[in-house]
Amino acid sequence: MPKLQGFEFWSRTLGGARHVVAPMVDQSELAWRLLSRRHGAQLCYTPMLHAQFCANDPEVFVQAALLAQDYCDAIDLNLGCPQMIAKRGHYGAFLQEEWDLLQRMIQLAHKKLSVPVTCKIRVFPEIDKTVRYAQMLEKAGCQLLTVHGRTKEQKGLLSGTASWEHIKAVQKAVAIPVFANGNIQCLRDVERCIQDTGVQGVMSAEGNLHNPALFEGRSPAVWELAEEYLDLVRQHPCPLSYVRAHLFKLWYHTLQVHQQLREELAKVKTLEGIAAVSQELKLRCEEDMSRQKEGEEPSGGVPFFHWVCQPYFRAGPKEGSKENMGACSKRALEEEEGSMDILSKNKQKKQLRNPHKTFDPSLKPKYAKCDQCGNPKGNRCVFNLCRGCCKKRALRETADCPGHGLLFKTKLEKSLAWKGAQPQLQEPQEAGPRDPGGFPEVMSNALACGADGAPPVHVQDCC
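Calculation criteria
Residues numbered from 1 in each chain as written. Predicted model: local features only at pLDDT ≥ 70, side-chain atom pairs only at ≥ 80, totals over all residues. Heavy atoms only, no water. Buried < 20%, exposed > 50% of the residue type's maximum accessible area, 1.4 Å probe, protein only. Helix = DSSP H or I, 4+ residues; strand = E, 2+ residues; numbered from the N terminus. Pairing = 2+ DSSP bridges. Right-handed = clockwise from strand over helix to strand, strands pointing away. Contact = heavy atoms within 4.5 Å. Axes fitted to C-alpha atoms, helices over the stretch in contact; angles between N-to-C directions. Expected span 1.5 Å × (residues − 1). pLDDT = per-residue confidence, 0-100. Parallel < 35°, antiparallel > 145°, perpendicular 65-115°, else oblique. Left-handed = near helix turned anticlockwise from the far one by under 90°. Nonpolar A, V, L, I, M, F, W, Y, C, P; charged D, E, K, R; others polar. Salt bridge = Lys/Arg side-chain N within 4 Å of Asp/Glu carboxyl O. Core = buried A, V, L, I, M, F, W, Y, C linked by side-chain atoms within 4.5 Å. Patch = residues over 30% accessible without salt bridge, like charges linked within 9 Å, V, L, I, M, F, W, Y side chains within 5 Å. Areas by Shrake-Rupley, 256 points an atom, 1.4 Å probe, with all protein chains shown as cover. Lys, Arg positive; Asp, Glu negative; His and termini not counted. Charge placed at Lys NZ, Arg CZ, Asp CG, Glu CD.

### Notes on the pairing of strand S3 (residues 75-79)
Part 1 of the argument: With five of five residues buried, S3 lies mostly within the body of the structure.
Part 2 of the argument: Of the strand pairs in this sheet, S3 and strand S4 (residues 117-122) are connected by five bridges, and their pairing is parallel. What sits directly across from Leu-79, in S4, is Ile-121.

Written as structure tokens, this is what we have:
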């Protein structure tokens, strides 16, 4: 059967899917995909496979894809990952300026694979450059394109709003199906996005994590989906860290109210332990519901009470014009908003373990600086230096620094004193050329092992 392409591939192989769950690192495991499918998702991506479909080498990409092509409907080259791991590995959104490389990767995959090649991208700040980028991928052989309407700089606290204008321009400029990604928190967003941009389908990531029933247009009680998900995990096991992360997302709003259970959820080491914390959260919610007064409205600016699945609106930079898309840095944002008001996830975890910990720079202890390099100097250093600079100077001058435990002068004096107290040692006789105990013979034997024995082995450190 010939390989289907473009709209034929989308309509026949993918069944004209409109409701799509995004590929999410450590969050798109089988149990979650099955849960999403039960609640309205028509297409689910597997997690990104590192060193394979987020590759930066055409041959590596194709060889990996050949191993997977018999087990999937398509191979998607993820060019949208903006995370630091993608920057270090030189893949994902950090390849978006290397058009020649991407062209070669997709052309080779399109030629060699029995299934279609699709791509997921992020936009450039400029709409016209984004359109040319999409057209290049289409020409190379991409059969379906997912466009995330944010730049690679828009992530975490800097996420901001995705640009549907960019997505609309791409959809008009290419002749292959386009999926939109970004700003999808409920079914109304899905319908509005399709209407505004003309895309064939809509992909959700964070919205799906907080409400897997998003594509059904429902907002059920959190415990309903949590219990269903845990049952699926028992049938299709996955790492406990994945399960914990999903429960933190599902119970996000409730954990803002019952914060003592947040630490319990973070500490449990078994699936049944996680299920027990989830059950306790359910009981707390039922108590809160029983105390609810008639006509009472949700607090905190959220659309529903905390026990209902609902969107999470990330705190971020002030909404601005397209000209400053991706222009500000994380540090600039912290200076603008106040670094004490918004803590990173890592700092929040540290503060959870130690509630008295503070990250206010003004409260950090002040250290005297090394006279040479500016690092903190040793309090008892005789040279007023840090240990590294002190060691170099003490070695150069054969001096001591008790503060850093460096005793070059003392050790030299002891060595000289010991040497002076020893009897004169007899000089060893030089071995003759035929003396089998001499060094030249040992050396030639060592060389002969390399020449007459096994071939030399070169060891390369792969770490």
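### Focus: the pairing of strand S5 (residues 145-148)
Part 1 of the argument: Side-chain alternation along S5 places Leu-145 and Val-147 on one buried face and Thr-146 and His-148 on a second face that is also buried.
Part 2 of the argument: Taken together, the four bridges between S4 and S5 define a ladder with parallel strand orientation. Opposite Ile-121, over in S5, you have Val-147 as the bridge partner.
Part 3 of the argument: Considered for its hand, the β-α-β crossover made up of S4, helix H6 (residues 127-140) and S5 is right-handed.

### Here's the deal with the sheet that holds strand S6 (residues 178-181)
Backbone-to-backbone hydrogen bonds pair the strands of a sheet. The strands run either parallel or antiparallel.
Part 1 of the argument: An order of S2-S1-S7-S6-S5-S4-S3 is seen for the seven strands of this open sheet, with the pairing classed as parallel. Taken across any chain shown, the strands that pair with only one partner, and hence form the sheet edges, are strand S2 (43-44) and S3.
Part 2 of the argument: Those strands touched by H6 are S3, S4 and S5, and its axis lies near 165 degrees from that of S4.

### Quick look at helix H14 (residues 271-290)
Every α-helix winds through 3.6 residues per turn, so residues three or four apart in the chain are directed the same way.
Part 1 of the argument: For H14, spanning 20 residues, the distance from its first C-alpha to its last is 29 Å, which sits close to the expected 28 Å at 1.5 Å a residue.
Part 2 of the argument: When H14 is considered as a whole, its buried residues turn out to be Leu-271, Gly-273, Ile-274, Ala-275, Val-277, Ser-278, Leu-281, Lys-282, Arg-284, Cys-285 and Asp-288.
Part 3 of the argument: On the buried face of H14, the contacting elements are helix H10 (222-235), helix H11 (240-250), helix H12 (252-257) and helix H13 (260-267).

### Some details on the confidence of the model for the protein
Part 1 of the argument: This prediction gives the protein a mean pLDDT of 84; 83% of its residues lie at or above 70.
Part 2 of the argument: Scored below 50 in pLDDT, residues 317-341 makes 32 contacts in the model with residues more than four places away or belonging to other chains.
Part 3 of the argument: Of the regions scoring below 50 in pLDDT, residues 430-463 engages in five contacts with residues more than four places distant in sequence or in other chains.

### Points about helix H18 (residues 408-421)
Part 1 of the argument: Between its terminal C-alpha atoms H18 stretches 20 Å, which fits the 20 Å expected from 14 residues at 1.5 Å a residue.
Part 2 of the argument: For H18, a buried count of zero out of 14 residues is recorded, marking the element as mostly open to its surroundings.

### With respect to the packing of H13 against H14
Part 1 of the argument: Taken N-terminus to C-terminus, the directions of H13 and H14 make an angle of 165 degrees; their axes are 9 Å apart at the nearest point. The angle between H13 and H14 places the two elements in the roughly antiparallel class. In this structure, H13 crosses over H14, and the sense of that crossing is left-handed. Residues Gln-260, Leu-261, Glu-264 and Leu-265 of H13 form the contact with H14, whose own contacting residues are Ile-274, Val-277, Glu-280, Leu-281 and Arg-284.
Part 2 of the argument: Taken together, the residues of the contact of H13 with H14 sort by class into five nonpolar, one polar and three charged.

### Here we look at the pattern of salt bridges
Part 1 of the argument: This structure, assessed with the given rule, holds 16 salt bridges.
Part 2 of the argument: In this structure, Lys-249 engages Glu-206 in a salt bridge whose closest nitrogen and oxygen atoms are separated by 3.5 Å. Of the two residues, Lys-249 is situated in helix H11 and Glu-206 in helix H9 (residues 206-210); the sequence distance between them amounts to 43 residues.
Part 3 of the argument: Since its relative accessible area comes to 21%, Glu-206 is described here as partly exposed.

### Describing the packing of helix H3 (residues 58-68) against helix H5 (residues 99-112)
Part 1 of the argument: Packing of H3 against H5 brings their axes to within 9 Å, and their N-to-C directions diverge by 30 degrees. With respect to their mutual orientation, H3 and H5 come out roughly parallel. Note on packing geometry: the crossing formed by H3 with H5 is right-handed. Mapping the contact onto sequence places Pro-58, Glu-59, Phe-61, Val-62 and Leu-66 in H3 and Leu-101, Arg-104, Met-105, Leu-108, Ala-109 and Lys-112 in H5.
Part 2 of the argument: Its residues assigned to classes, the contact of H3 with H5 shows eight nonpolar, no polar and three charged.

### Structural notes on the environment of Trp-251
Part 1 of the argument: Along the chain, the position of Trp-251 falls in the loop between H11 and H12.
Part 2 of the argument: Setting aside anything within four residues of it in sequence, one finds Trp-251 in contact with Val-222, Trp-223, Ala-226, Ser-278, Leu-281, Lys-282 and Cys-285.

### Quick notes on the nonpolar core
Part 1 of the argument: Core analysis: the largest hydrophobic core is formed by 98 residues, its most contacted members being Leu-137, Leu-145, Leu-247 and Trp-251.
Part 2 of the argument: If one sorts the elements of this core by residue count, H10 sits on top with eight residues.
Part 3 of the argument: Those residues in contact with Leu-247 that sit more than four places away from it in its chain are Ala-226, Tyr-229, Leu-230, Leu-265, Ile-274 and Ser-278.
Part 4 of the argument: Residues Cys-381, Cys-386, Cys-389 and Leu-406 belong to the second largest nonpolar core, which totals eleven residues.

### Thoughts on a positive patch on the surface
Part 1 of the argument: Taken together, Lys-345, Lys-347, Lys-349, Lys-350, Arg-353 and Lys-357 make up a surface patch of like positive charges.
Part 2 of the argument: Within the secondary structure, Lys-350 is located in helix H16 (residues 345-353).

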